[in-house]
Amino acid sequence: MIDLKNLTTAKAHESLKKGDYTVRELAEAYLTNIKERNKELNVFLEVFDDILEQAEIAQKRFSDGSATLLTGIPVAIKDNILIQGRKVSSASKILLGYTATYDATVITKLKNEGVVFMGRTNMDEFAMGGSTENSAFGVTKNPLDSTRVPGGSSGGSAASVAMNGALVALGSDTGGSIRQPGSFCGVVGLKPTYGSVSRNGLIAMGSSLDVIGPLTRTIDDAKIVFNAIRGSDAFDSTTLPDSYYDKKHEKKKIVVGIPKEIQDLKGVSSDVLKHFEETKEKLKKAGVEIKEVSLKQLANALACYYIIMPAEVSSNLGRFDGFRFGTKIEGETLLDEYVATRGEGFGSEARRRIILGTYVLSAGYYDAYYGKAEALRALIKKDFQNAFEEVSVIMTPTVPSTAFKIGEKSEDPLSMYAADMFTVPANLAGVPAISVTTGFDSDNMPFGTQFIAPHTREDLLFEAGSFVSI
Ligand code: GLN
C-alpha cells in the first residue's frame, strides 16, 4: 500500500527511482480512490482512458535516466484547460461535445515532464463561482465533509488532491478560484504572478485577471509545479520575459504586513478572525517581524472586481455563438439561433455576468462604471506598491469563512461574491498569492491563510507560508 496521504512529489520521485513501486502502481493507487469516491463526490467529469499507457511511457524515462521530478506524477486538470484530442467544456452545456484541437502551453510543458494525466475536474461554469455549484454537470462535494462545497471555481481540482485522486492538480484563478477551494479543501493553492504562466489554451474568463496555477498537498509541491509550468510564451503576448525570474534577490528577513482595514470589513466570521489572530501569534513566536500596513481600497476591491470581470466575461463569451464551438440550436433566423443557443447553453450565472458586463461597457454607462472601476484598480495597485515598500509579504485570511454547506449561498449571488473579498485584490494588482492550511475549526474544516507578495516574488510566498502551514 502506498501511503498517499503523506505523499509528496519528491517522495514519490525517490520511490519511483528506487523501484519501490512503478508509475503504473502509483496511478492505480489513485485510480482506486477515484473509483471508490467519484460517484459520490463528482470531482472528475472524466477519468482518462489511457492512464496506464501514459504510465508505461513515463516508466521508460526511469529506465533511460531522463526522468524529472514530475515524471510519472498523477495530475488532475481543470476542465477549462485544453488537452489536444480530449473533451473540454468549462463545465458548460454550450461546449457539449467539443474536443480540444491543441494543447494548452501548460499541458505541453507537463507532457514534456512525463506526468500522468488522470482526468478533467469539475468547476463552476466558465470559472464563475466560488462553490462549484454553478457547474452544468452537478455540484462537487467537499471530500472532507460531503454536505459542504469544495469551494470554487477550481473545486474539482482542489477536491481531487484532497480525496487522493491525484497528487497535484491545475486550476485557474481569476478572483480566487485556486486559493479559495484550496482553503476549503485543506490544500495549498498558488495563484502565480499575472503573466508568469501562459494562458494559451486556457478558456478565458477575465483576460486581464486569469492565471493558471497548482493545487497541491505541500508548499514544496506548489513550487515544483509552478517552476514546471511558468515561462514566457510566444502564444501569449502577456507572458513575462524569463529574465524576470532569473534575477537574484538579496536574502532578507521576511517582514509580514497585516492590513489594518481587515478589522473594518463586514461579514468575516468570528472564527476566522480568531484563527487569524492565532496565526499572527504563531508567526511572532517563529521570530517573524509583523508590521501593520494599509490597503486603503481593500473594502472596495470586490466592487471593482465585479465590474471589470463581467465586462471581460461578456466579451470573452461572445465567441460561443453556436457556430464556432459546441452546442448549436437551430432557429428560423440567425438571431433566433443565437438567442436559443446562448439561452440554452449558458447557465444562469454565466447569463447574469454577460448581461452585467454588457451593461457596464455600454456607451451610456461606460464612464460611470467601467471607467471608474479601472481608476479604482490603479489605486489598488498603488496600495500594494506602497505596502511592499514596508513589508515583504501581506497576510490575510483566504476566505471570510470555512467551507459552507451545499445550497447555503447558491440562491444569493451577492453573498457568494462576498466570499471573494480577500482574494480579488491580488488579481486586480496582478501580484502572486498563496493559500496554505493553518488550522481547523470546531467542525474540523480547514482554515486557509493567504500571503500576497510583489510581482514575481513567489519565492517569498513559499518562505512565509512555511512558517504557519500545517
Ligand atoms: N469566485 C470568483 C468569481 O466568481 C472567482 C472566480 C475565479 O477566480 N475564476 O468570480
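All values derive from a computational prediction rather than experimental measurement. What you see as residue numbers is a count from 1 along each chain, following the sequence as written. Thresholds applied to this predicted model are a pLDDT of at least 70 for local features of residues and 80 or more for the giving and counting of side-chain atom pairs; totals over whole chains, interfaces and linings are not thresholded and use all residues. The side-chain numbers reported here are obtained from all heavy atoms of the structure, hydrogens and water having been left aside.

1. A short note on the site of the ligand
For each residue, the test is whether any non-hydrogen atom lies within 4 Å of the molecule or strand; if one does, the residue is near. Of all residues adjacent to the ligand, which total 16 residues, the nearest are Thr-174, Gly-175, Ser-177, Tyr-305 and Arg-353. In this structure, Thr-174 approaches the ligand through a main-chain N or O atom, which is 2.7 Å from an oxygen atom. N or O atoms within 3.5 Å of each other form a polar contact, as long as, within protein, one can give a hydrogen and the other can take it, and as long as residues adjacent in sequence are counted only when both atoms are side-chain atoms. The side chain of Tyr-306 places a nitrogen or oxygen atom 3.4 Å from an oxygen atom of the ligand. Residue-level accessible areas treat just the shown protein chains as cover; the underlying method is Shrake-Rupley with a 1.4 Å probe. Compared with its free state, where it exposes 290 Å², the ligand has 99% of that area covered by protein. A run of H or I in DSSP counts as a helix once it spans at least four residues, and a run of E counts as a strand once it spans at least two, with each numbered from the N terminus. Sort the elements by how many residues they give to the shell around the ligand and helix α10 (residues 301–316) lands first, with 3 residues.

2. Details of the pairing of strand β11 (residues 446–452)
Exposed residues in this analysis have more than 50% of their type's maximum accessible area, buried residues have under 20%, and partly exposed residues fall in between, with area computed by a 1.4 Å probe over protein chains only. In terms of residue burial, β11 counts as a mostly covered element, since 7 of its 7 residues are buried. Here, strands pair whenever DSSP counts at least two bridges between them. With 7 bridges joining them, strand β10 (residues 433–440) and β11 adopt antiparallel strand pairing. Bridge assignment links Phe-440 to a residue of β11, and that residue is Pro-446. Linkage of β10 to β11, two consecutive antiparallel strands, is achieved through a turn of 5 residues, within which Asn-444 is found at a positive phi near 70 degrees.

3. A look at the packing of aromatic side chains
Centres within 6.5 Å are what make two rings of Phe, Tyr or Trp a pair, Trp counting through its six-membered ring; a difference in plane orientation under 30 degrees is then read as stacked, over 60 as edge-to-face, and the rest as tilted. Applying the stated criterion across every chain yields a total of 14 aromatic pairs. Judged by centre distance (5.5 Å) and plane angle (50 degrees), the ring pair of Phe-320 and Phe-325 falls under tilted. Under the relative-accessibility criterion, Phe-325 is labelled partly exposed at 24%. Among the aromatic residues, those joined into a ring-pair cluster are Tyr-98, Phe-126, Phe-320, Phe-325 and Phe-346. Looking at Lys-247, its charged tip hangs above the ring of Tyr-244, at a distance of 5.4 Å from the centre. Placement of a positive charge over a ring is assigned whenever Lys NZ or Arg CZ falls within 6 Å of the ring centre and within 35 degrees of the normal to the ring plane. The lysine or arginine in question, Lys-409, covers the ring of Phe-404, its NZ or CZ lying 5.0 Å from the ring centre.

4. Some details on the pattern of salt bridges
Note on definitions: salt bridges are taken to be side-chain nitrogens of Lys or Arg within 4 Å of carboxyl oxygens of Asp or Glu. Counted according to the given criterion, the structure contains 24 salt bridges. A salt bridge links Arg-199 to Asp-236; the nearest nitrogen and oxygen atoms lie 3.7 Å apart. Taken together, the residues span a long stretch of sequence, with Arg-199 in the loop between β5 (188–191) and β6 (211–216) and Asp-236 in the loop between α7 (219–229) and α8 (243–246) at a distance of 37 residues. Each of the two residues, Arg-199 as well as Asp-236, counts as buried. The closest approach of N and O atoms between Lys-280 and Glu-277, which form a salt bridge, is 3.1 Å. Of this pair, Lys-280 and Glu-277 are both found in helix α9 (residues 270–285), 3 residues apart, which corresponds to roughly one turn of the helix. Classification of Lys-280 as buried rests on a relative accessible area of 16%. Salt bridges linked by common partners bring Glu-46, Asp-49, Asp-50, Asp-79, Arg-86 and Arg-120 together as one network.

5. Observations concerning the environment of Pro-310
Within the fold, Pro-310 resides in helix α10. Through-space distance from the C-alpha of Pro-310 to that of Met-128 is 9.6 Å; in sequence the pair is 182 residues apart. Only heavy atoms enter the contact rule, under which two residues are in contact if any of them lie within 4.5 Å. Sequence-distant contacts of Pro-310, that is, excluding residues within four places in its chain, are made with Tyr-305, Arg-353, Leu-356 and Gly-357.

6. Thoughts on unusual backbone geometry
Of note, the bond from Gly-152 into Ser-153 is cis; its omega dihedral lies within 30 degrees of zero at 5 degrees. Examined against the element boundaries, Ser-153 turns out to sit in the loop between β3 (116–121) and α5 (155–162). Of note, Asn-164 is a non-glycine position whose phi angle comes to about 60 degrees, a positive value. Positive phi, close to 70 degrees, is recorded for Asn-444, a residue that is not glycine. As for its position among the elements, Asn-444 is in the loop between β10 and β11.

7. Considering the side chain of Ser-314
Within the secondary structure, Ser-314 is located in helix α10. In this structure the side chain of Ser-314 is engaged in a polar contact, spanning 2.8 Å, whose partner is the backbone oxygen of Ala-311. Apart from residues no more than four positions distant in its own chain, Ser-314 is found in contact with Ile-354, Gly-357, Thr-358 and Leu-361.

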